[in-house]
Amino acid sequence: MGGKAFSNDLPSGSFPRLPSRLYQDLKDRLTPLLRTIYTLVEVPPETPGKKDHGDIDFVVAQPIRENGDDMATKVGQVLGAVKSVEMDGNRTSNYALELNQEDCMLLASNGLQSPLPIQKIYLQVDVRVCLDAEEWELLKVMHGYGDLGIIIASIARCHNLILGTKGLKVSSPPPDPAIYLSKSPHAILEYMGLSMDRWKEGFTTVEETFIFASTSRFFDPRRIRRSQLHSFTKSLEERAMYHAFTRWAQSQSPAPYCLEAEREAVEEALVYFGKKDEWDAAARARDKRLWLKNNFSGKLVAEWTGLGWRGVKAVMDKVRASAGGEDKLYGRPLQDVKNLVLESKDALDLGQYGVVE
């Protein structure tokens, strides 16, 4: 069943699953309506061979009228929604549409809704608004062909590369944020050794998607584990296609030149996407913060001088000025730093801070 966003507002069972013919017809009817509001409108490709469907999930971008107010409300009006859960900005809004009599008849003829137990039948339409065309393309790839996006992400994660709906990134040591490498699906797939042209051609069976994923130069079935699913949004039970892939993968061979070391893949990715300098600068900044904590902290200066916090601050400011900044202190022997702290203390008039010598 679909309609989870409206489970508290509309009757249970009023959102039946749709046969492929009706699903396609509704999609074809709704797409032109959304294109009166957004330039880019598409539904990511469905799981190959899927016989029935729940909600219709659109991804949209580039509003025709920039800075338009209440875009989510306007979408509901254009679609003719009877209820909605609207989200501002680049998020997903949900809309409940009442199916007409002809649609209900088609449902009944497919045996999915016969006889009609309730008077009104609805369809849930989800509309995800993307920041730009690049994010729109990426979301189509990540949400397209069932769990294929998650399968590709799991292959990347085997090498400490994190792929999601915001792009490809590598984790930095805490507390630094991750470094994003790219949000271009073309660049990401090319780096992983996957063909965007092949993806666009489409897949007629689920096994074709598995074969496509296995052409990645990072494909290594020895590393693919169920535990990698922990950060994905759906529960384990709902990831049947992914689980089928993990079973299928065990009978396959790793890519011919699959990188063995996880660190090696990260280093290669940083260079490939031009992020090595940013990574190295962040590493130097982390090292400096750690050095300062261990060699020139307020706690250490207080221990060395016996001063309270105001006196400690005055001494540390004096040390920084004398040395030409913390950058000039960085890396000096601890004893040199201590001597400079004590010299700075002696050079200051600390009576103003209420220090008793």
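Our structure is the block above this text.
Now for a quick tour of the structure. Quick caveat, the model's predicted, so the values are computed rather than measured. (Residues numbered from 1 in each chain as written. Predicted model: local features only at pLDDT ≥ 70, side-chain atom pairs only at ≥ 80, totals over all residues. Heavy atoms only, no water.)

Our next topic: the sheet that holds strand S8 (residues 162-164). As summarised here, the arrangement of the three strands in space is S8-S9-S10, forming an open sheet in which the pairing is antiparallel. Edge positions in the open sheet fall to S8 and strand S10 (179-182), since each of these has one partner strand only. The average angle at which neighbouring strand axes cross in this sheet is 35 degrees, direction not considered. Looking at chain direction, strand S9 (residues 167-170) and S10 are connected through three bridges and run antiparallel. Looking at the pairing, Leu168 lines up with Ser182 of S10. (Pairing = 2+ DSSP bridges. Helix = DSSP H or I, 4+ residues; strand = E, 2+ residues; numbered from the N terminus. Axes fitted to C-alpha atoms, helices over the stretch in contact; angles between N-to-C directions.)

In this section: the packing of aromatic side chains. By the definition in use, this model includes 14 aromatic pairs. Ring centres of Phe6 and Phe15 lie 6.1 Å apart, and the angle between their planes is 5 degrees; on these two criteria the pair is classed as stacked. For the pair Phe6 and Phe15, a shared accessibility class is recorded, and that class is buried. Judged by centre distance (4.8 Å) and plane angle (75 degrees), the rings of Tyr272 and Phe273 are edge-to-face. Overall, the relative accessible area of 43% leaves Tyr272 in the partly exposed class. (Phe/Tyr/Trp six-rings, centres within 6.5 Å; stacked < 30°, edge-to-face > 60°. Buried < 20%, exposed > 50% of the residue type's maximum accessible area, 1.4 Å probe, protein only.)

Considering only enclosed or pocket space, the second largest pocket measures out at about 310 Å³ in volume. Tyr38, Met71, Gly89, Asn90 and Val129 are, among the 21 residues lining the second largest pocket, the residues nearest its centre. For the lining of the second largest pocket, the elements supplying multiple residues, two or more each, are strand S4 (56-63), helix H2 (71-79), strand S6 (92-98) and strand S7 (122-129). Examining the composition of the lining of the second largest pocket, we find that three residues originate from one element, H2, more than from any other. Residue composition of the lining of the second largest pocket, grouped by class: 11 nonpolar, six polar and four charged. (1 Å grid on protein atoms, 1.4 Å probe; cavity = no way out; pocket = protein on both sides within 12 Å on 5 of 7 lines; lining within 4 Å. Points joined across faces, edges and corners; volume = space filled by probe spheres on them. Nonpolar A, V, L, I, M, F, W, Y, C, P; charged D, E, K, R; others polar.)

Per the stated rule, a full pass over the model turns up one cavity of 30 Å³ or more. Here the largest cavity defines a volume of roughly 40 Å³. Secondary-structure elements contributing two or more residues to the lining of the largest cavity are helix H4 (133-143) and helix H6 (185-191). Classifying every residue of the lining of the largest cavity by side-chain character gives eight nonpolar, no polar and no charged.

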